[in-house]
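Report on the structure
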Amino acid sequence: MPNVTTAAGDCFNSIAKAQGFFNYLTVYNHSDNATNFPNPNCLEEGSTVKVPEKQMKAFVLTLDAENKFKIIRKKTKLKVKVCKANVAQQPGMSKVTLDIGGKKATATTGVLDIDDIDASISTATLTVVLSDPPAYAAPPAPSAGTANQYPDPILAADFDDPKTVWPKKGETITWNLQVGSLEPHTVIRGVLQRLENLGFTCPVQKTENAATRRAVKTYRRAVENKVAPNDTDAVADIRAHIKARHDD
């Protein structure tokens, strides 16, 4: 069978289903797939997955009798965790709903599981109703400048982001999830995806730039408690740390 070039949203379960296999391990354990992809849930877009040829199986049947066969099918499972930037903490929630392909899971905590989903579906919806939304903390008022001062005084307010509009109690927040699109932490985009998932806004792309470096530096300061000059900003500097924090 032809090899498969992976696209966004692909995983070994979806590839196996598309190629007519019941068990993703039939594809994953073929040739050097398992070596090239240590985590079957993380595929880099554009990589090559080798697909085995289908083989006929012979069975000894008892004539004029009932013969039973068992097909081993690995279920595709989806688990979602809702947490704060500190992954050990959950926001106050009165209801959380995960919907994928018409299957739903509802809870009042931040962990939801659906144990048998269609492997070909790559989008899901997550809705959260907050019971205790955080209050907005306004920055302190800037001090008055001196008339005709040169150069102009540097004021913190000039660098503030627009005021965050916080959700109210009982308000529903909706996220559209991309299922199966998490790439390995060994590639740049995989690290940036994990940064996004943990609330550190950055562009998800294959290259590093000023925006990604700013996000990495923010992560190092906020999560790793790094200070200058150790708050370096290269993606490679946080690979292992963010993989453990996000995946494990």
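Residues numbered from 1 in each chain as written. Predicted model: local features only at pLDDT ≥ 70, side-chain atom pairs only at ≥ 80, totals over all residues. Heavy atoms only, no water.

1. Some thoughts on the packing of aromatic side chains
We count it as follows: Here a Phe, Tyr or Trp ring, Trp counted by its six-membered ring, pairs with any other such ring whose centre lies within 6.5 Å, and the pair is stacked when the planes are under 30 degrees apart, edge-to-face when over 60, and tilted otherwise. The numbering of helices and of strands both runs from the N terminus, where a helix is a DSSP run of H or I of at least 4 residues and a strand a run of E of at least 2. Classification of residues uses two cut-offs on accessible area relative to the type maximum, computed with a 1.4 Å probe and protein chains only: under 20% is buried, over 50% is exposed, and between them is partly exposed. Over a ring means this: the NZ of a Lys or the CZ of an Arg is within 6 Å of the ring centre and within 35 degrees of the ring normal.
By the definition in use, this model includes five aromatic pairs. Centre to centre, the rings of Phe12 and Phe37 are 5.7 Å apart; their planes meet at 65°, and the pair counts as edge-to-face. Within this pair, whereas Phe12 is found in helix 1 (residues 12-18), its partner Phe37 is found in the loop between helix 3 (33-36) and strand 2 (48-49), the two being separated by 25 residues in sequence. Here Phe12 and Phe37 have matching classes, each one buried. When the ring centre of Phe21 is taken as origin, the NZ or CZ atom of Lys54, which lies over that ring, is 5.6 Å away.

2. Regarding a nonpolar patch on the surface
So the rule is basically this: Every patch collects residues that have over 30% relative accessible area and no salt bridge, joining them within 9 Å if they carry like charges and within 5 Å if they are nonpolar side chains (Val, Leu, Ile, Met, Phe, Trp, Tyr). In these tables, accessible area is a Shrake-Rupley quantity obtained with a 1.4 Å probe, and a residue counts as shielded only by the protein chains included in the view. Definition used for salt bridges: Asp or Glu carboxyl oxygen within 4 Å of a side-chain nitrogen of Lys or Arg.
A cluster of nonpolar side chains, Phe59, Leu61 and Phe69, forms an exposed patch at the surface whose accessible area comes to about 340 Å². As for its placement among the helices and strands, Leu61 is situated in the loop between strand 2 and strand 3 (76-81).

3. Notes on the pattern of salt bridges
Tallied over the full model, the rule gives twelve salt bridges. A salt bridge links Arg194 to Asp247, with the nearest nitrogen and oxygen atoms 3.0 Å apart. Here Arg194, found in helix 4 (residues 188-197), pairs with Asp247, found in helix 6 (residues 239-247); they are 53 residues apart in sequence, far enough to count as distant. Given a relative accessible area of 0%, Arg194 falls into the buried group. Three or more residues are tied together by salt bridges with common partners; here these are Glu45, Glu183 and Arg189.

4. Some thoughts on the environment of Gly101
For Gly101, the position within the fold is in the loop between strand 4 (92-100) and strand 5 (103-107). Relative accessible area serves as the criterion here: at 57%, Gly101 is assigned to the exposed category. For the pair Gly101 and Thr125, spaced 24 residues apart in the sequence, the C-alpha separation amounts to 9.5 Å.

5. Structural notes on the side chain of Arg194
Spelled out, the test is: A 3.5 Å cut-off defines polar contacts: any pair of N or O atoms within that distance qualifies, except that in protein one atom must be a possible hydrogen donor and the other a possible acceptor, and neighbouring residues in sequence count only when both atoms are side-chain atoms. Here, residues are in contact when the closest pair of their heavy atoms is within 4.5 Å.
For Arg194, the side chain forms a polar contact with the main-chain oxygen of Glu183, separated by 2.7 Å. In this structure, Arg194 is in contact with Cys42, Leu182, Glu183, Pro184, His185, Ile242, His246 and Asp247, ignoring residues within four places of it in sequence.

6. Here's the deal with the environment of Ser120
Its place among the elements puts Ser120 in the loop between strand 6 (111-117) and strand 7 (123-132). Once residues lying within four places of it in the same chain are set aside, the contact partners of Ser120 are Ser14 and Lys17. Side-chain polar atoms of Ser120 contact the side chain of Asp118, separated by 2.7 Å.

7. Some points on the packing of helix 4 against helix 6
Each pair of packed helices gets described by two things: the angle between the helix axes and the distance between those axes. What counts is decided by this rule: Axis geometry follows a simple rule: fit a line to the C-alpha atoms, using only the stretch in contact for helices, then measure angles between N-to-C directions, giving values from 0 to 180 degrees. Any angle that falls under 35 degrees is termed roughly parallel, while one over 145 is termed roughly antiparallel, one within 65 to 115 roughly perpendicular, and all others oblique. For any pair of crossing helices, the crossing counts as left-handed if the nearer helix is rotated counterclockwise from the farther one by less than a right angle, and right-handed if it is rotated clockwise. The classification used treats Ala, Val, Leu, Ile, Met, Phe, Trp, Tyr, Cys and Pro as nonpolar, Asp, Glu, Lys and Arg as charged, and all other residues, Gly among them, as polar.
Remark: helix 4 packs on helix 6, axes separated minimally by 10 Å, with the N-to-C direction vectors making an angle of 50°. Of the possible angle classes, the one that applies to helix 4 and helix 6 is oblique. The two elements helix 4 and helix 6 cross, and the hand of that crossing is left-handed. Contact residues: Ile188, Val191, Arg194, Leu195 and Asn197 in helix 4; Arg239, Ile242, His246 and Asp247 in helix 6. Looking at the contact of helix 4 with helix 6 residue by residue, the classes come out as four nonpolar, two polar and three charged.

8. Looking at the pairing of strand 7
For clarity, the threshold we go by: Two strands pair if DSSP finds at least two bridges between them.
Here strand 4 pairs with strand 7 via seven bridges, running antiparallel. Bridged to Thr97 within strand 7 is Thr127. Note: strand 7 against strand 8 (residues 172-178), seven bridges, orientation antiparallel. Looking across to strand 8, one finds that Thr125 is bridged to Asn176.

9. Comments concerning a positive patch on the surface
For clarity, the threshold we go by: His residues and chain termini do not enter the charge count, which takes Lys and Arg as positive and Asp and Glu as negative. Here the site of a charge means NZ on Lys, CZ on Arg, CG on Asp, or CD on Glu.
There is a patch of like positive charges on the surface, built from Lys74, Lys75, Lys77 and Lys103. Tracing the backbone shows Lys77 in strand 3. Among the residues examined, Lys77 registers a relative accessible area of 62% and is labelled exposed.

10. Brief notes about the nonpolar core
Keep this limit in mind: As used in this record, nonpolar core signifies buried Ala, Val, Leu, Ile, Met, Phe, Trp, Tyr and Cys residues forming a set joined through side-chain atoms within 4.5 Å.
If you look at the biggest cluster of nonpolar residues, it comprises 17 residues, and the most contacted ones within it are Leu78, Val96, Leu98, Ile100, Leu112, Leu126 and Val128. The set of elements that each furnish at least two residues to this core consists of strand 3, strand 4, strand 5, strand 6 and strand 7. Once residues lying within four places of it in the same chain are set aside, the contact partners of Leu112 are Leu78, Lys79, Val80, Val96, Thr97, Leu98, Ala105, Thr106, Ala107 and Leu126. Grouped together as the second largest cluster of nonpolar side chains are 14 residues, Leu195, Leu198, Val216 and Val223 included.

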